[in-house]
Structure formats: structure tokens, C-alpha cells
Amino acid sequence: MLRVAIIGFGARGLGILERLVSKILHHRVNDEIIITIFDPISEGSGCHNPKQSPLLLANTVASQMSIFADDSVIKNEFFIRGFNFYEFLCYKSYHCSKNGYYSRSVLGEYLEYAFGFIQKIVPKNICIRIIKEEALIIEKQNSLYLIKSSNHSFDAHGAFITTGHGLSHTLALEQKIESITSKDTVIVEGLGLSAIDIFTLLSIGKDGSFKQNKMGDLTYLPSQKEPKILAFSRSNIPLMARAITQKESQEVYQSIHFTSQAIKKIRNQKNKLDFQKDILPLIILEMQYAYSYTYLAQNDLQQAFLFKNQWILNEHKQKVLDKYIPKKQQLNFRHLLNPINNVHNAKDFQRKLINYLKHDIQEAQLGNLTSPLKTACDVLRDTRDILRECIDFSALEAKSYYRFMEKFIPLNNRLCVGPPVRKIQELLALINSGVITVLYNPTVFLKPKLHIKDAFNNTHTATHFLSAKANCSLQSSDFLNSLISNHLGQLNPQSRCLEINKNLELICNSKISCNLFALGLPTEGLKFYTFILPRPFISSTFLRDSNKAVDTFLNNTLLRKTEKNSGNTQPATKVKD
């Protein structure tokens, strides 16, 4: 009998379950296998739970999300074939398009459907148990891990820790917003995806609506139930809109500068990388190349191809740029860092912000293969796996890592992790209507009475303060405390996440906790950008990590069993990578 625990059952836990079931079916294992899942709420959906407001959108197009594996990751091996999110929407007769954006609640329906679908394929020798409680304690007993919740305990040969964001913060926020009325003034800290959610709930969530004119511009029609919203962020501007998707699901940008080969060459020369010196110049060069080719292709495709060849052959890149593109039309990376500057007063900032948003909307509507700017920004998204090679497992020097987190990550998020263009159009309409005012470099004062003062000494009193800053750090919990106190895991001193090896097994005091794995948010820091769903047919890191962890577990357990049964007279059979 093989006993396995999955602790936390959002998308990461669901991905582990899919890998376990697929591999057990592939290897035709006949032993009894018990898989016990600990999660008080989720049945695969996690933070995408169907109970949340249907107004809140996912920020990835439907065809680029799937929980099921594919042959870009799994070679010569059975894997469960299942719907991607777009195919699920079609199956359920939703009015949809493959490049459309849909609610996180419906995405949650898809993930819970996938859990049910996997259960239909589970063979008789596999028993899946769901304990609707939070795992509180984990300790080692001989070769097993004993996991306890409030009313249950389970001893396992291996466990996968896949706890994530959960739903409690979202539901608590929705409940808090329900009590806000038109008499209130709300300060919102942040202009990212969480802020977009808050703006949505405080506008159309309060029965307001948007009207679109013949030019496609939006006007907000208030319901008179909305509060006054005062928003701000460290950068003073929101995330850039995601461009209309013109790529196929498996189509990604092919780098010529920022490549795995280039990173391996640098890493062969030094133990630790300096992001500012070693990596960022390659990223900027790649963005310049993508921008410039797209810019030229708008008017003359032959010129664009001539540029491509001369760029690749010539070491003096700036000379090639100057030959083909006027200086003022070239990609200005410094301008991306600070697109609004020389602000004189609040009205000046408002005017510049509105112009900035209008330009961003125009570029997004051109598409991510037609807009030079959006093509360049999409490079960051499509080369994320290469960036992981530079960051994962403490590959950066300590000072460089902190600078990367403080400076580059906010910029990266602003350029390529933004909401659908529709949401930026809505934000612009809300600003124009006076419902939202974005303040420039303000300071918030909690006492003696909640108020906020902008950089020009304009003061506004408020009744509520809502933080829309995403918290991706590992949160303290009884389970985490138990894990550490029982010497099964430790926090990485640099990134403050769980320490793991490259097989995703926990490490404590240089000792591997064999068959105890962590994936997703608990490893954010040692692993870069883990809060994603798999994208089909591009060898998604989500799927590769899940596959590696499950392979390691089955190799360990099958190897021991084979050795025991054979009396060590024959070599054990390992599960192939």
C-alpha cells in the first residue's frame, strides 16, 4: 500500500493529483494507493473559487490555461487528456472566444470540473479521500509523515505541500466592500490587479455601468451608490493593459539574445549572477530587437527583414538602429521606467495620466504582434522561463537579488502582467467621471483621522483604507511552524520561502526531507513567479515542476519496493524523467 498526502488543494494540488494518477496508470501499478487531500474549502479551484464575484476577471486568455499535461512536457508516457479552459467553456455552451477573458469564478468551475474528470479515470486500486480541514501538524514517525488536522490524522509515505493564496482574503474584501456606500471615501493603496478588482466591485459591483460609443471609448454611468475613490501607488501609474492576443496558444517569442545558451555561458564564468550587469542588458537588447522589427514591419516588411539580418550580423547595434529608425521612434527603456515626469501640480498629473492611459489603450488594441511597444513587453512574458534560469535557487548575488525584487519585479509586473485592455478602458472612464482620483506621490495618515496628502499638499479625508498590494510571501501558520519546529523544513534566509532542492524536496540543516515536497507559493523566491496556471504546449514550468516532484516520489517509493521484493538481486526499475 502506498499512502500520499496533498496539503492544500488549489491548482497546484490538482496538478499533483493529475500527475500521480497519470503515472500510476502509465506504470500499471496494482498496489492499493490512498491519496488524502487536506483543504478546508477548495476542491481544485483554490483562489479561483466559484463562490467569488463573477465580476472579477482572470488576466490570461482562455486558450492559454489548462490544468492537464501535454506532450511538450510528457514524452513517451500516458497522460490524462482533458479540456483546456477554452474547450471547457465551449463544452458548457458559454458564449466565448479562445482569446477572451473570463471570470475567475468560471475558471474555478473549470478546475473543479477537472478534479471530477480525473476521478472518473481513477482506477479501482486508487482511493482519493478529501479531509475538509486545514492540516495543522506534520511530524516524522520512522519512515512515514504523520499529518494531523483538527479531527483527523493520516500517515503517509510522501506529502506534497501546495498551499496557496486561498480564498479568505478575496471573500473578506468582498464583504468589506458590501458595507461601503456613496457617503464614503475610500483610499486604495496600489494600482495593480488587486486594485482593478476593488475598482470593479466599487463601480459595476455597486450597479454602475459602462456605455461604449462608436469609437469604442467608454463612459461610466454612475448608480449614485459608488463611494469616492482615492487611489495611489509607488509608481503613480497602473499596470499596462494586456494587448489583444494575436498569437496562437503555443506561440511564444523566440529569443536571439536573452537565451538559455547565453545564460549558461555567463554562469560557467561565475558562481553568482549580477542581474543589473549580466541579465538586464540582454533583456533590454531583446526588447529593442522585437520592438524595432515590429515597428519597421508596419510599413515595409522587406525593410524589417533587412534590419533583422543586419542586427544579427552587426556588433554595433545602435548603428543599425540609427540607420533604420529615427532616434525619437526607437524604444526608450528609460521612458518605460518613468513614463510620467516633470509633474507640476495635481491637474498636470491628471492630464498626463489620462494621456498615458489613452496611449496605452491604443497600443493594446493594436495587438501583441502589431504594436511595437506591446510586442516588446510581451518578450518579458514569453521569456519568463529563461529569467527563471537566472533567478531560481539563489542564482543571483544577495545584493543583486534584493535590487531585482525591489526594482525589476514591479517594472516587469507593470509591463507584462496587466489586466485586459477593457479594464484599463474602464479605469479611464472612472477617472473621467470623477469616481476615481489617482494621487501623485501621496502620504497616508491614519491618525488623528484617516486622510491622505498628495505631493502638492492637497489633503483629502477618508472613511476607509483598502490595501491592494499583493502579498506573495509565505504566511505564518500552525502547519508551517510545525514543519520548522520538527526539523522537516526551513526558510531560505534570502527569499524567506521554504528551502527546497531541485527535485522540489524540502531541506532542513542541509538534510533532505525525502518524499516531502513543496510547490507553488511556499517556494516563491527560490522559484520565480509560481502563481500561474499551465499554458498548453509550451513545456510549462508548472507542469515540469509537478512532473519532476511526482517522478522523484515514485522513483523513491517504487525503487525501495522493487529492491525489497527482489532481494537486491536485480536492478530496480526507475520511472523515467
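Going by the structure above, here's the rest.
Reading guide: rules and limits
Residues numbered from 1 in each chain as written. Predicted model: local features only at pLDDT ≥ 70, side-chain atom pairs only at ≥ 80, totals over all residues. Heavy atoms only, no water. Helix = DSSP H or I, 4+ residues; strand = E, 2+ residues; numbered from the N terminus. Rg over C-alpha atoms; globule rule 2.2 N^0.38 Å. Buried < 20%, exposed > 50% of the residue type's maximum accessible area, 1.4 Å probe, protein only. Contact = heavy atoms within 4.5 Å. Areas by Shrake-Rupley, 256 points an atom, 1.4 Å probe, with all protein chains shown as cover. Lys, Arg positive; Asp, Glu negative; His and termini not counted. Charge placed at Lys NZ, Arg CZ, Asp CG, Glu CD. Disulfide = S-S within 2.5 Å. Pairing = 2+ DSSP bridges. Axes fitted to C-alpha atoms, helices over the stretch in contact; angles between N-to-C directions. Core = buried A, V, L, I, M, F, W, Y, C linked by side-chain atoms within 4.5 Å. Arc of directions from axis to C-beta. Parallel < 35°, antiparallel > 145°, perpendicular 65-115°, else oblique. Nonpolar A, V, L, I, M, F, W, Y, C, P; charged D, E, K, R; others polar. Left-handed = near helix turned anticlockwise from the far one by under 90°. Phe/Tyr/Trp six-rings, centres within 6.5 Å; stacked < 30°, edge-to-face > 60°.

S.K.: Describe the overall build of the chain, with residues and values.
M.R.: Tallying secondary structure elements over the chain gives 17 helices and 18 strands in all. The C-alpha radius of gyration computed for the chain amounts to 25 Å, which stays within 12% of the reference 25 Å derived for 577 residues, consistent with globular compactness. With respect to the principal axes defined by its C-alpha atoms, the chain has extents near 80 × 65 × 50 Å. Expressed as a percentage of its 577 residues, the buried residues of the chain come to 55%. Taking contacts inside the chain between residues at least 6 apart in sequence as the whole, the part at least 24 apart equals 72%. When the accessible surface of the chain is split by element, carbon and sulfur atoms take 50% of a total near 27000 Å². Distance between charge centroids for the chain: 4 Å, based on 70 positive and 51 negative side chains.

S.K.: So what's going on with the state of the cysteines? Which residues, and what values?
M.R.: Counted by the stated rule, this structure contains zero disulfides. Residue C90 stays outside any disulfide, its sulfur separated by 3.8 Å from that of C96, the closest cysteine. Unpaired in this structure, C377 has its nearest cysteine sulfur neighbour in C416, at a distance of 7.6 Å. Looking at C377, the relative accessible area reads 2%, which means it is buried.

S.K.: For the sheet that holds strand β12 (residues 436-438), give the residues involved together with the corresponding values.
M.R.: Pairing is parallel across the open sheet formed by four strands, whose spatial order is β12-β11-β8-β16. Whereas interior strands pair on both sides, the edge strands pair on one side only; in this sheet they are β12 and β16 (464-467). Pairs of neighbouring strands in the sheet enclose a mean axial angle of 20°, with direction left out of account. Sheet topology note: the strand β8 (residues 185-189)/β16 ladder contains four bridges and is parallel.

S.K.: Any chance you could break down the nonpolar core for me, citing the residues and the numbers?
M.R.: The tendency in soluble globular proteins is for nonpolar side chains to be buried side by side. In terms of nonpolar packing, the biggest core is built from 91 residues, with F199, F275, M287, L387 and I436 touching the most fellow members. Of all the elements, helix α7 (residues 275-297) adds the most residues to this core, at twelve residues. Membership of the second largest hydrophobic core comes to 75 residues, among which are F38, F68, V106 and A114.

S.K.: Before we move on, could you go through helix α16 (residues 478-485) and cite the residues and values that matter?
M.R.: The periodicity of an α-helix, 3.6 residues per turn, causes residues three or four positions apart to be oriented the same way. Along α16, the positions that sit buried rather than exposed are F479, L480, S482 and L483. Across the axial projection of α16, the buried residues extend over an arc of 160°, all falling on one side. The secondary structure elements touched by the buried residues of α16 are β1 (2-7), β4 (137-141), β7 (158-161), β17 (505-508) and β18 (511-518). Trailing α16 by a residue or two, H487 shows a phi angle of about 60°, which is positive.

S.K.: How would you summarise the packing of α7 against helix α13 (residues 384-391) if you had to cite specific residues and measurements?
M.R.: Interhelical geometry of α7 versus α13 gives an angle of 170° and a closest axis separation of 12 Å. Viewed along their axes, α7 and α13 adopt a mutual orientation that is roughly antiparallel. The residues of α13 that touch α7, namely those facing F275, I279 and I283, are L387, C390 and I391. Taken together, the residues that form the contact of α7 with α13 break down as six nonpolar, no polar and no charged.

S.K.: Before we move on, could you go through the packing of helix α11 (residues 346-366) against helix α15 (residues 421-433) and cite the residues and values that matter?
M.R.: Relative orientation of the contacting elements α11 and α15 amounts to 155°, with a least axis distance of 10 Å. Relative to α15, the element α11 is oriented roughly antiparallel. The way α11 lies across α15 gives a crossing that is left-handed. Residues Q350, L353, I354, L357, K358, D360, I361, A364 and Q365 of α11 form the contact with α15, whose own contacting residues are V421, I424, Q425, L428, I431 and N432. Classifying every residue of the contact of α11 with α15 by side-chain character gives nine nonpolar, four polar and two charged.

S.K.: Mind laying out the packing of aromatic side chains, listing which residues take part and the relevant values?
M.R.: Enumeration over the complete set of coordinates arrives at 28 aromatic pairs. Ring centres 6.2 Å apart and planes at 45° place the aromatic pair Y91 and Y113 in the tilted group. Taken together, the residues span a long stretch of sequence, with Y91 in helix α2 (residues 85-91) and Y113 in helix α3 (residues 104-121) at a distance of 22 residues. Here the aromatic rings of F210 and Y220 are separated by 5.0 Å at their centres, their planes lie at 55°, and the arrangement is tilted. Placement of F210 in strand β9 (residues 209-212) and of Y220 in strand β10 (residues 218-221) is noted, with a sequence separation of ten residues between them. The burial state of F210 is the same as that of Y220; both residues are buried.

S.K.: Can you lay out the side chain of R19 for me, pointing to particular residues and giving the numbers?
M.R.: With respect to the element layout, R19 can be found in helix α1 (residues 11-26). When residues no more than four places from it in sequence are discounted, the contact partners of R19 are A69, I74, E77, F79, S546, N547 and V550.

S.K.: Any chance you could break down unusual backbone geometry for me, citing the residues and the numbers?
M.R.: A cis geometry characterises the amide bond from K447 onward to P448, with omega recorded as -5°. By secondary structure assignment, the location of P448 is in the loop between β13 (443-445) and β14 (451-453). Despite not being glycine, L504 shows a phi value in the positive range, around 75°. A residue is classified by how much of its surface remains accessible, and L504, at 2% relative accessible area, is buried. Here the phi dihedral of N515 falls at roughly 70°; this positive angle occurs in a residue that is not glycine. Among the secondary structure elements, N515 is positioned in strand β18. We classify N515 as buried; its relative accessible area is 2%.

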